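Inside the fold
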Amino acid sequence: NYINVSNRIFDSRLLSYFTRIQYDFKGKYLLSALMRRDGSTNFGPNNKFGFFPSASLGWIASEESFLENSSVFDFLKFRGSYGIIGNDRIGAFRFESLLSGEGVYVFNDGLVYGTAIGAISNPDVKWEEQVTFDLGMDSRFLDGKLSVEMDYFNRETRDLLLVVQTSGTTGATAPGSGNPTANAGSVRNIGFELSLGYRQDVSDDVSFGINYNLTTLNNEVLSVNNGIGYEIGGGFGIGQDPPARMEEGYPIGYYYGYQTEGIFQTQDQADNAPSQIALGATARAGDIRFKDLNGDGVINTADKSYIGDPIPDVTMGLNLSFDYKNFDFQSYFFASIGNDLVRNYERNDRYTNRTTYYLNRWTGEGTGNVYPRVTTGATSNLVFSDFYVEDGSFLRAQNLQIGYTLGAEMLEKLKLAKLRLYVSVSNAFTLTRYRGYDPTSSSGAPIGSGFDPGFYPTPRTYLFGANIKL
C-alpha cells in the first residue's frame, strides 16, 4: 500500500498464548511451571513465533518438623528455577526492505530528491532468547530483624539481537540506509547475588535499618555468528577503526587497541624502536611508545589486543536509615568496581583546551613518562590505546535525605493529619579515580559502551519538600 509521507503509519503487535501451573503441597513444597508462545510483528513470516517455557521449585525448610521450633531460623527457603524468555526489542520491519532512505538524482541538469531503500533487511532475523538457571536461598533470623538472600545465576543469551557491521558494498552507508539487525551470537553471564537486611528498634525513640546488596558478574562471549569471529562497534577519534569488539572468549564490547610502554625520552630511542609510521606519523621524542606484541619490528594492526572492558566485576548498593523521635534520615550509596572507561573527549585542534593533567606532559628528557608532548602536528599519540583507558570504578552517594514529622499536638493546631518536611540531595558526591566528568558515562550500546565523548555530567540536585495529609 502507498503511504503518504505526511501520514505515516506505525504498526507493531504482540500475540501471546500461555499456560501456567502452580502446585503447593503442605505449604512447604512448591512448584510453578509456565509455557508460553509469543508472536511479534518485528520478525518475518518464518520467525514470528517463539516458545518460551520456564519452571521453578521451592522448599520451605523452616516448615519441616526438624526446623519448626528452631531457635536460629525464623524462615528458611530454598528455590531453583530454569526458563527461557524472549526479546523482540528491535526496530519494526527490519526483516523487510523499507523505502526510508534518500535518493538524489540529476535530471535536466537539476537535482531531484527521491526515496530509496533504507536500512538493509534481514529476512532471517528471529527472537533473541535468554536461558536462565538460578539457585537461591531466602532466610530470616533474630525474630525477623535480619534477612539474608543469596542467588547463583547462569544466564546465556542466545541469538543476541544487534545491528551488525557489513561491507560498504552493501550500500549501508548510503543516505538513510544502515546496517542490518541480525542474531549476532551468544553471551553468558555467571554471577552471585547477596542481599542483607537488618532492622532494629533500639527504643521507642530510636531505630535504624541497614540494607546491603552485592552482585558479581563474569561475562563471556560464547560464539559469534558471522563467519569472521568477531563483531565491531563504537567510535573513537576521527576515522579510526571501531574500537570495541564482540569476540569469542572475551567480555562483550571489550576494548581492542594498542598497549603502551611509556614515552620516548630521546629521539635516539624513537629512531631505534619498532617503526610506528603505519599509525600515521614517524615517532618523535615525547611521543607514546607502543608495544610490538608480535615482534616483527613494526607497530600496526597486528599488535592490537585486549586493553579493557566496560563490564564491572562487582556492583554494590547500601541503604542506611535512622530515626530519632520525629527526625528521620535515609541514604542510598552505589558502587561499581572493575569496569573500564575510555576518555574519548580529548581533541588535537589548534585552539582546543587541554585537561589539567597535561600540565604534567613530557617537555624534555626525564620530565615525564606518562603524558606525551603537546602538538597539533601529525602524531600517532591519538590512536586508540590503553593510554585512553582508565579504571571506571566509583562509589556514589545517590541520595541523602533528612526529614522532620510534626507531632500530634502541632498537627492538631494546624488541622492536618500529617506534615513531614524534608531536604534531600541527589548525587551528593562521587569517589573515583576516573578523570572525566562522570564515571557513569556510557552510550548503553552492547558493543561500544564505556566510551565517554564528553557526556553532560549528572548534576547534583537539592530538593526541599513537604508531605501533607489532610
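Residues numbered from 1 in each chain as written. Predicted model: local features only at pLDDT ≥ 70, side-chain atom pairs only at ≥ 80, totals over all residues. Heavy atoms only, no water.

Moving on, we come to the packing of aromatic side chains. Considering all chains together, one arrives at 25 aromatic pairs under this definition. Grouping aromatic residues by their ring pairs yields a cluster made of Phe-236, Tyr-255, Tyr-357, Tyr-358, Tyr-371, Phe-384, Phe-387, Tyr-388 and Phe-451. In this structure, Arg-245 packs its charged tip against the face of Tyr-256, placed 3.7 Å from the ring centre. (Phe/Tyr/Trp six-rings, centres within 6.5 Å; stacked < 30°, edge-to-face > 60°. Lys NZ or Arg CZ within 6 Å of the ring centre and 35° of its normal.)

Our next topic: the sheet that holds strand 18 (residues 305-306). Spatially, 13-14-15-18 is the arrangement adopted by the four strands of the open sheet, whose pairing is antiparallel. Two strands lie at the open edges of the sheet, namely strand 13 (230-233) and strand 18, each paired on one side alone. In terms of strand pairing, strand 13 meets strand 14 (residues 244-247) through four bridges, oriented antiparallel. Residue pairing across strands places Tyr-230 opposite Glu-247, the latter belonging to strand 14. (Pairing = 2+ DSSP bridges. Helix = DSSP H or I, 4+ residues; strand = E, 2+ residues; numbered from the N terminus.)

Let's shift gears to the pairing of strand 1 (residues 14-25). Strand residues, when the strand is regular, have side chains that alternate between the two faces of the sheet. Relative to strand 2 (residues 29-40), strand 1 is paired through 12 bridges, and the arrangement is antiparallel. Opposite Arg-20, over in strand 2, you have Leu-34 as the bridge partner. Remark: three residues form the turn of the hairpin made by strand 1 and strand 2, two consecutive strands paired antiparallel; Lys-26 in that turn has positive phi of roughly 60°.

Let us now look at unusual backbone geometry. The backbone phi angle of Phe-93 is positive, close to 60°, even though this residue is not glycine. Mapped onto the elements, Phe-93 comes out in the loop between strand 4 (73-87) and strand 5 (101-107). Residues other than glycine seldom take positive phi values, yet Asn-108 does so here, at roughly 55°. You can call Asn-108 exposed: its relative accessible area is 80%. (Buried < 20%, exposed > 50% of the residue type's maximum accessible area, 1.4 Å probe, protein only.)

Time to look at the sheet that holds strand 22 (residues 389-391). Ordered in space as 22-21-26, the three strands form an open sheet in which the pairing is mixed. Two strands close off the open sheet at either side, each with one partner strand: strand 22 and strand 26 (451-452). In this sheet, strand 22 lies alongside strand 21 (residues 340-343) in antiparallel orientation, the contact comprising three bridges. Bridge pairing in strand 22 places Val-342 opposite Val-389.

All right, on to the nonpolar core then. Ranked by size, the top nonpolar core spans 34 residues in total, and within it Met-246, Ile-252, Tyr-255, Phe-290, Val-342, Phe-384 and Phe-451 carry the most contacts. If you list the elements that add at least two residues to this core, you get strand 12 (206-224), strand 14 and strand 17 (288-290). Excluding anything up to four places from it in sequence, Phe-451 contacts Gly-235, Phe-236, Pro-243, Ala-244, Tyr-255, Val-342 and Phe-384. Ranked by size, the runner-up nonpolar core spans nine residues in total, among them Ile-84, Ile-90, Val-125 and Leu-161. (Core = buried A, V, L, I, M, F, W, Y, C linked by side-chain atoms within 4.5 Å. Contact = heavy atoms within 4.5 Å.)

So yeah, pure geometry; function would need other evidence.
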